[in-house]
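# Coordinates in review
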Amino acid sequence: MEANPETQASQKDKSKIGLYASLGVLIGFSLILLAVSLFQGKHLLAEIAIVLLGAMVTVVITYSLLKSQSAEQEKLQRASEELILDREKNVEVYKEKLSIYKKYFESLCDILEKRKISDEQQIQLQFQIASIALHTPYDKIEKITASLNKMLECIKIQNNKVQDDMDFMKALLGIVGIFKTELYSSDSGATNQDHIGNIIANLEKAFKGTDTDDAPIIINNTECSTMATGGLLEELKIAEKYRKEPCWSEGRWCCSKLFSDGLQWRNKERKGIVEIGFYQGHYYMQANYPNATEFAKTMKWKYGGRRSYGQWWKHLEEFNHIKEGEFLQNLKKDEALQQAVTEWCGKLMGHLEAYEQMDTHRQAVEKMCQPQEGVFYYFIWNFEVLCCQFEDVTCKEPFIDMKWVGDKVELSIGNRTEDVEQLAKVLAKDKTAFTDCRYELKIDASELKKTLPEYIQQIKSVIEKSKEKIK
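What counts, and where the lines are drawn
Counting restarts for each chain: residues are numbered from 1 in the order of the written sequence. Local features are withheld for residues below a pLDDT of 70 in this predicted model, meaning they are given only at 70 or higher, and side-chain atom pairs are given and counted only at 80 or more; totals for whole chains, interfaces and linings count all residues. Note that water and hydrogens are dropped before the side-chain values are worked out from all heavy atoms of the structure. Relative accessibility thresholds used throughout: buried, under 20% of the residue-type maximum; exposed, over 50%; partly exposed, between the two (1.4 Å probe, protein chains only). For the purposes of this entry, the term helix denotes a DSSP run of H or I that reaches at least four residues, the term strand denotes a run of E that reaches at least two, and both are numbered from the N terminus. Pairing between two strands is assigned when DSSP locates at least 2 bridges connecting them. Here, the term nonpolar core denotes a set of buried Ala, Val, Leu, Ile, Met, Phe, Trp, Tyr and Cys residues that are joined through side-chain atoms within 4.5 Å. Within 6.5 Å between ring centres, the rings of Phe, Tyr and Trp (the latter by its six-membered ring) count as paired, and their orientation is classed by plane angle as stacked under 30 degrees, edge-to-face over 60, tilted in between. Sitting over a ring, as applied to charges here, requires NZ of Lys or CZ of Arg to be within 6 Å of the ring centre and within 35 degrees of the ring normal. Any Lys or Arg side-chain nitrogen found within 4 Å of a carboxyl oxygen on Asp or Glu counts as a salt bridge. Across the chain, each position has a pLDDT score giving the predictor's confidence in that residue, from 0 to 100. Between two residues, a contact is recorded if the distance between any of their heavy atoms is within 4.5 Å. Throughout this description, a polar contact denotes any pair of N or O atoms lying within 3.5 Å of each other; where both atoms belong to protein, one of them has to be capable of donating a hydrogen while the other can accept it, and for residues adjacent in sequence the pair is counted only when both atoms sit in side chains. A fitted line through C-alpha atoms serves as each axis, taken over the contacting stretch for helices, and the angle formed by two N-to-C directions is quoted from 0 to 180°. The labels follow the angle: roughly parallel below 35 degrees, roughly antiparallel above 145, roughly perpendicular from 65 to 115, and oblique for the rest. In this scheme the handedness of a crossing depends on how the near helix is turned from the far one: anticlockwise by less than a right angle means left-handed, clockwise means right-handed.

Extensive coverage of strand 11 (residues 408-415) is indicated by the burial of 6 of its 8 residues. Judged from the 8 bridges that link them, strand 10 (residues 398-405) and strand 11 form a sheet pairing that is antiparallel. Bridging across to strand 11, phenylalanine 399 finds its partner in glycine 414. In textbook terms, the turn of a hairpin is the stretch between consecutive antiparallel strands, and for strand 10 and strand 11 this stretch comprises 2 residues, one of which, glycine 406, has a positive phi near 65°.

Structure, rendered in structure tokens:
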């Protein structure tokens, strides 16, 4: 057990007093001895007294030097300990800042992906900004909230999606600049603005994709999922032959780009794009559905790869040996590459068509029952299910899955915690009516207009009553 600092100081003072007293006694004794020896003429005693006085002087000088050295060492040790404590404190503050900033960015990402902000997210953002204010000056908090306001305005605008995303990105990079200054104590001012301008220009160009006025070249496959290897080679010949005289083939996927670094397919009647391109030293397959984060998320979940907004891409790892600019010549002679391209085209075109079909169903459902901010919203999962998701946690976040099978619609109602008792209360049904924590039924597609609003209204009313009880 460590001694009390006051006790230690008291002990040091007592030690000093004892030392000084001993020295005083010895010096006094030496002086008396010297005086006696001088009066009596005894030189031996005088020499002994002088030796003792010299020793005392040496002790005093040595003690003074050691005391000064010890005080300096203690001072240096305290300074070193304070420096270590400051360093540890700075490391902890840095980690805390990094954690707070990361959570803030995750919240912004979620808002952008859903294109809306719920009441819960508004409260969450307020507390996150308060956490940021713990480590950030208020003038910079003012800039952060101004950028946040711009981003939320971008979400509400519907006319120009690409420009809205660029405005959102510009405001986001402004916040990044502030956080970077706080983390690394660096601020390059106008230089940052120049870089941000270049970044926005590059992203805008990338997100807009290729010019839609470019005339496409006909690719002669009617069913992407059944495109044969021989058909692919024939298509390449046709595309090269008719490069200057392109035309659309109604209802078919056509090659709108043919270049040394790859290919691009589009369908005039559809929104999706399939592409083969070159990036980071290797060729990749890409599928793009404008502003559809759900599509890109599902693709990444199924196949890995990477995603950004409505884009998904993945390198053709088995063919990483192909050098830039040599894709087409390898495609014409490599049967394995032909087969891989054929299979990927079939998958991606099929997924894009399936997602677009589900997006059409969503638009029809939204006309039946408009989503309500903070109450429920719709999203597409796995290209085949349209989900009506309620955001209330008191009722365990209930949802309604809709799957179209021919002229029928399969409804599956559940909640995210798989709480059958809670679900039975919400739907006012006996627990025996549920299978695997879900209530399922199959109806004609024509009946959905009547059935879906009824279930949505029933769930909403239960949620409202539960909130009133809490109040």
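Text resumes after the structure shown.
A few words now on the pairing of strand 7 (residues 311-315). Direction of pairing for strand 5 (residues 282-288) relative to strand 7: antiparallel, over a ladder of 5 bridges. Residue pairing for strand 7: asparagine 288 is matched across the bridge by glutamine 311. Across 3 bridges, strand 6 (residues 306-308) lies against strand 7 in antiparallel orientation. Counterpart to arginine 307 in the pairing with strand 7 is tryptophan 312. In this antiparallel pair of consecutive strands, strand 6 and strand 7, the connection spans 2 residues, and tyrosine 309 shows a positive phi of 55°.

Ranked by internal contacts, the top residues of the largest apolar core, which has 60 residues, are Trp265, Phe327, Tyr378, Ile400 and Met402. Tallying contributions element by element places helix 10 (residues 335-368) first for this core, with 11 residues. Residues Ile117, Ile132, Ala171 and Ile178 belong to the second largest nonpolar core, which totals 21 residues.

Moving on: the packing of aromatic side chains. Each pair of aromatic rings is reported with the distance of its centres and the angle of its planes. Across all of its chains, the model carries 19 aromatic pairs by this definition. On the basis of an interplanar angle of 35° and a centroid distance of 4.9 Å, the ring pair of tyrosine 283 and phenylalanine 327 is categorised as tilted. Placement of tyrosine 283 in strand 5 and of phenylalanine 327 in helix 9 (residues 327-333) is noted, with a sequence separation of 44 residues between them. Across this residue pair, the class does not change: tyrosine 283 and phenylalanine 327 are buried. Consider the rings of tyrosine 303 and tryptophan 344, whose centres lie 5.4 Å apart with planes at 70°: the pair is edge-to-face. A residue pair is termed long-range when its members are at least 10 positions apart, and tyrosine 303 in helix 8 (residues 293-303) and tryptophan 344 in helix 10 qualify at 41 residues. Tryptophan 344 shares its class with tyrosine 303; the two are buried. The cationic tip of lysine 347 hangs over the ring face of tryptophan 344; the distance from NZ or CZ to the ring centre is 5.0 Å. In this structure, arginine 416 packs its charged tip against the face of phenylalanine 399, placed 4.0 Å from the ring centre.

Once that is clear, we can look at the pattern of salt bridges. Under the counting rule described, the total for this entry stands at 10 salt bridges. The partner of arginine 362 in a salt bridge is aspartate 359, with the nearest N and O atoms 3.0 Å apart. With a gap of 3 residues between them, arginine 362 and aspartate 359 both fall in helix 10, about one helical turn apart. Overlapping salt bridges bring together Arg270, Glu353 and Glu356 as one network.

This next bit is on the confidence of the model for the protein. With 68% of its residues at a pLDDT of 70 or more, the protein has an overall mean of 76. With pLDDT under 50 throughout, residues 157-163 is counted as low confidence; its partners more than four residues away or in other chains account for 6 contacts. Segment residues 242-248: pLDDT under 50, and 14 contacts once partners within four positions in sequence are set aside and those in other chains are kept.

Turning our eyes to something else, we now look at helix 11 (residues 420-427). Taken as a whole, helix 11 has its buried residues at Gln422, Leu423, Ala424, Val426 and Leu427. One or two residues past the end of helix 11 sits alanine 428, with phi positive at roughly 55°.

For the rest of this paragraph, the subject is the side chain of glutamate 275. Looking at the secondary structure, you find glutamate 275 in strand 4 (residues 273-279). Here tyrosine 284 takes part through its side chain, which lies 3.3 Å from a polar atom of the side chain of glutamate 275. Apart from the residues lying within four places of it in its own chain, the contact partners of glutamate 275 are Leu263, Gln264, Tyr284, Met285 and Gln286.

What follows covers unusual backbone geometry. Although it is not a glycine, asparagine 291 adopts a positive phi angle of roughly 55°. Here asparagine 291 shows up in the loop between strand 5 and helix 8. Backbone geometry at cysteine 437 places phi at a positive 65°, although glycine is not the residue there. Take cysteine 437: it is sitting in the loop between helix 11 and strand 12 (439-444). Since its relative accessible area comes to 23%, cysteine 437 is described here as partly exposed.

Moving on, we get to the packing of helix 8 against helix 10. The interhelical angle for the contact between helix 8 and helix 10, taken along N-to-C directions, is 140°, at an axis separation of 11 Å. Classified by the interaxial angle, the pair formed by helix 8 and helix 10 is oblique. Taken as a pair, helix 8 and helix 10 cross one another with a handedness that is right-handed. Contact residues: Glu294, Phe295, Met299, Lys302 and Tyr303 in helix 8; Trp344, Lys347, Leu348, His351, Leu352, Tyr355 and Arg362 in helix 10.

Let us now look at the sheet that holds strand 8 (residues 376-381). Ordered in space as 8-9-10-11-12, the 5 strands form an open sheet in which the pairing is antiparallel. Of all strands in the sheet, those bounded by a partner on one side alone are strand 8 and strand 12. Averaged over all pairs of adjacent strands, the angle between their axes in this sheet comes to 20°, without regard to strand direction. Pairing between strand 11 and strand 12: 6 bridges, direction antiparallel. Residue pairing for strand 12: leucine 411 is matched across the bridge by leucine 441.

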